[in-house]
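Observations on the three-dimensional arrangement
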Amino acid sequence: MYPDNTNYEPLTLEQIRELQQLTPEQQQEWRDRQVEKLNREIYQQGETASIATAVLTAKRDPLREKSERELKTDILTAVKDSEFLRASLSQIARYNGMSIDVIETVAQQVASEFLNRDLEAIEFEEMTKRIQKIENSEKDAGIRDLKLHRLARRHGLNRRTMMECYSKSVCSASHIRAKPIGEFLDEHLQAEVKYLVQGWIPQGVTMMLHGDGGAGKTLWLYELMERILKGHAWSGYPCTKAEVLLVQVDEPETITAERIDIRGIDRSMPLKVMSDWQVEQMPKLEAEAAAMPPGSLILVDSLTAINRNCFYSENDTEYARPVLQMRDIARKYGHTVILVHHSNADGRARGTRAIHNSVDVVWALSATDYNERLLRIEKMRRGMPVGRYRLAFDDETFRFTYRGEEFESDEDFEKAQTYIEKIRLWLSDDAQRGRPFEPIEVSEALGGSKASTRRCLQELAMRGQVETKRKPGTPYYLYFVKKKQESDRAIGSDRLKAIATLPSQGAGFEPSDRAIAKKSENEREKTGDRPDRFAKNVPQTQTESEQNGDRFLNKSDRPVNNGDRPIALRNNPLPEKIAVGDTVLVTATAQWIRSGSDKLPWREVPQSQRNTPQIPINVLGQPLFDELIEGGKVIEIRGDRSRVRHQKTGRTSMFLNTDLRVLRSEDKS
């Protein structure tokens, strides 16, 4: 059926059945077609073999070799030296009458053979240099985006793909070197952690404060900003004086200016404000950061407002890219960056989880009452441990006061505050001063649990009232109070002074009596119905009854369970002249003013009085009543009111000046 010496594959059963159904003439036609097809294939194979033989045996053409060498030389020169590679390759293609695709293929081979490099990698390097130049030099965000779009189109990419490739390249190009453990420990082990607000805000980190609208995030940050600008302590925690850059895009400029004025921030303070910045203008922010000294503070309010022109969704991972850029700025210049963000319905930071992961510290602020705030520390690398903490908000002065860790009851809170102060005074005693103790040693000496003692010691360390040092090679810390190089008499006097100015329940460190008294001469009094406006002191001409109305209670009005308490002092028709630093007593008919005072133990407060702005002290429980009438030292004067700190418990209370009597030297004797 087939010609001789053929190697056709055998017919299948189906083909054999088809041939059997054909007539003899049809079968012969089929055989002829197969023979013709076979002859054609044999001829083609022989012609191909002849051509191959001719090529292999032919002499080399010098002109062709010269042309190929010149082409390779031109391409190699363009790859090595040309600033615009694609344009040079296009010119070579036109000169040689070839397509650009052919020349690029040859260029890829030449670069790989002679330079051991990838042509696409060379082109990518050129593209990244162009991107860096555009981002660093072009300040106008619109022109910058236009240039980036055109650059991406020239490389056959869309802008998003080009920028993603560029971001990955920047991360890969960062200098990474493995350090021997000795070098690493020498460089970092002894490095002291520095804080802007001791225990709360470390230097050189990126923080995020999120919360619902109206929780007071911005107001609280303004208060911290004021303390840092002035170098004053906040709620007993020392603050490092530093410059501040406020990026405020979330509220009108008029409101920002008013709030800054309320805080008493004057024109001479190192504060700069940017009210029109967007994430597309990152070079401007870095330029401002570079001009600030290391350890400065950058406040950004808010993350949503500075991203309003971003075409990424809040749930896209790319939305966190500006956060990473600001984190790099913080680490590069040693600044602290605080970002304000919003919470979702679950109480977490809104948007992609990449935002939470891109910062070093995460705080959440929520309102629990009209004058109570709850701060949740969700992420903290160094400082206050992760937990829930209470803040008191004074809606008259717009100030926040730290109240300590959240407890199940007010009684537990009071016990914790008392135990903290007990530890501080014990470590400050001459017998213990200067000696480092482990938490278990302190707990055994004072009768507290080891866990609560450790947390109290951490709290004191964050306030700066107790020093710490770690036992080498162990995770355990030792706590102590520095030994002063003074006489025993001076040390004893200092201890009495420390007790008299005790910062209990978040009260801040107070300046010396002489400085406070001098400041009180220029004390400003609030006037009118604007709590944020001040005027010079005016003489008080109202009598006590005119100022207080029907505030005073008779003996018959007092609760029976308190008994008839003696009147500690007689009421004076006119208030005495009181100055900051005076020691005062309180009349038995005085009113305890909630605003500006520390919280009272509510078990000693009648149910009917727990939500009133003023509470008569003669309706309180006997121990609390006895404590309040003892008075204490005046630490602040607000117009017709004075803030008094009890010298034993450290509790601060606000009273009207008419309810106070200055304890003169003859009274003390």
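Scroll up a little and you will see the structure.
Keep in mind that what you see is a predicted model, and the values were worked out from it rather than measured.

What the chain contains, in helices and strands, is 23 helices and 22 strands. A total of 669 residues make up the chain; the buried ones form 40% of that total. Taking as baseline every contact in the chain between residues at least 6 positions apart, the subset at least 24 positions apart corresponds to 63%. About 38100 Å² of surface is accessible on the chain, with carbon and sulfur atoms providing 49% of the total.

Another aspect to go through is unusual backbone geometry. Along the chain, aspartate 301 connects to serine 302 via a cis peptide bond; the corresponding omega equals 0 degrees. Tracing the backbone through its elements, the reader meets serine 302 in the loop between strand 6 (297–301) and helix 13 (303–306). The phi angle at phenylalanine 398 is positive, at roughly 60 degrees, despite the residue not being glycine. Within the element layout of this structure, phenylalanine 398 appears in the loop between strand 10 (387–394) and strand 11 (399–405). The exposure class assigned to phenylalanine 398 is partly exposed, which follows from its relative accessible area of 24%.

Counting 58 residues, the largest nonpolar core has Trp200, Trp220, Trp234 and Trp363 as its most contacted members. If you tally residues by element for this core, the top one is helix 10 (residues 217–230), at eight residues. Those residues in contact with tryptophan 363, other than ones at most four positions away along the chain, are Trp200, Ile201, Met207, Met208, Leu209, His210, Trp220, Leu375, Arg376, Ile377 and Met380. Counting 29 residues, the second-largest nonpolar core is a separate cluster that includes Ile306, Ala320, Ala349 and Val359.

What follows covers the pairing of strand 21 (residues 652–656). With five of five residues buried, strand 21 lies mostly within the body of the structure. Strand direction decides the pairing type here: strand 20 (residues 641–645) and strand 21, joined by five bridges, are antiparallel. Counterpart to valine 644 in the pairing with strand 21 is serine 653. Where strand 20 hands over to strand 21, the hairpin turn is made up of six residues, of which glycine 650 adopts a positive phi near 80 degrees.

With the rule as written, the count across this model stands at 18 salt bridges. Measuring nitrogen to oxygen at the nearest pair gives 3.1 Å for the salt bridge that ties glutamate 636 to arginine 638. Accessibility expressed as a relative area gives 26% for glutamate 636, which makes it partly exposed. When the shortest N-O distance is used, the salt bridge between glutamate 636 and arginine 643 registers 3.7 Å. Residue class for arginine 643 comes out buried when judged on its relative accessible area of 12%.

Moving on to the sheet that holds strand 11. Strand order in this open sheet of nine strands is 5-4-6-7-3-8-9-10-11, and the pairing throughout is mixed. A single partner strand is all that each edge strand has here, and the edge strands are strand 5 (271–274) and strand 11. Mean inter-strand twist for the sheet, computed between neighbouring axes without regard to direction, equals 20 degrees. With five bridges connecting them, strand 3 (residues 206–211) and strand 8 (residues 361–369) associate as parallel partners. Looking at strand 8, one finds that leucine 209 is bridged to tryptophan 363. The strands touched by helix 12 (residues 282–291) are strand 4 (244–248), strand 5 and strand 6; relative to strand 4, the strand with the most contacts, the crossing angle is about 160 degrees.

How each quantity is defined
- Sequence positions are assigned chain by chain, starting from 1 and proceeding in written order.
- A pLDDT threshold of at least 70 governs which residues receive local features in this predicted model, and a stricter bar of 80 or more applies before side-chain atom pairs are shown or counted, although totals over entire chains, interfaces and linings include all residues.
- With hydrogens and water set aside, each side-chain value is computed from the structure's full complement of heavy atoms.
- In this text, helices come from DSSP runs of H or I with a minimum length of four residues, and strands from runs of E with a minimum of two, each type numbered from the N-terminal end.
- A 1.4 Å probe rolled over the protein chains alone gives each residue an accessible area, and that area as a share of the maximum for its type sets the label: buried under 20%, exposed over 50%, partly exposed in between.
- Residue contacts are counted whenever heavy atoms from the two residues lie within 4.5 Å of one another.
- For the accessible areas, the method is Shrake-Rupley and the probe is 1.4 Å, while residue cover comes only from the protein chains on display.
- Only buried Ala, Val, Leu, Ile, Met, Phe, Trp, Tyr and Cys residues count toward a nonpolar core, and they belong to the same one when joined by side-chain atoms within 4.5 Å.
- Two strands make a pair as long as DSSP finds a minimum of two bridges between them.
- One side-chain nitrogen of Lys or Arg within 4 Å of one carboxyl oxygen of Asp or Glu is enough to make a salt bridge.
- Axis definition: a line fit to C-alpha positions, over the contact stretch in the case of helices; interaxial angles, taken between N-to-C directions, run 0 to 180 degrees.

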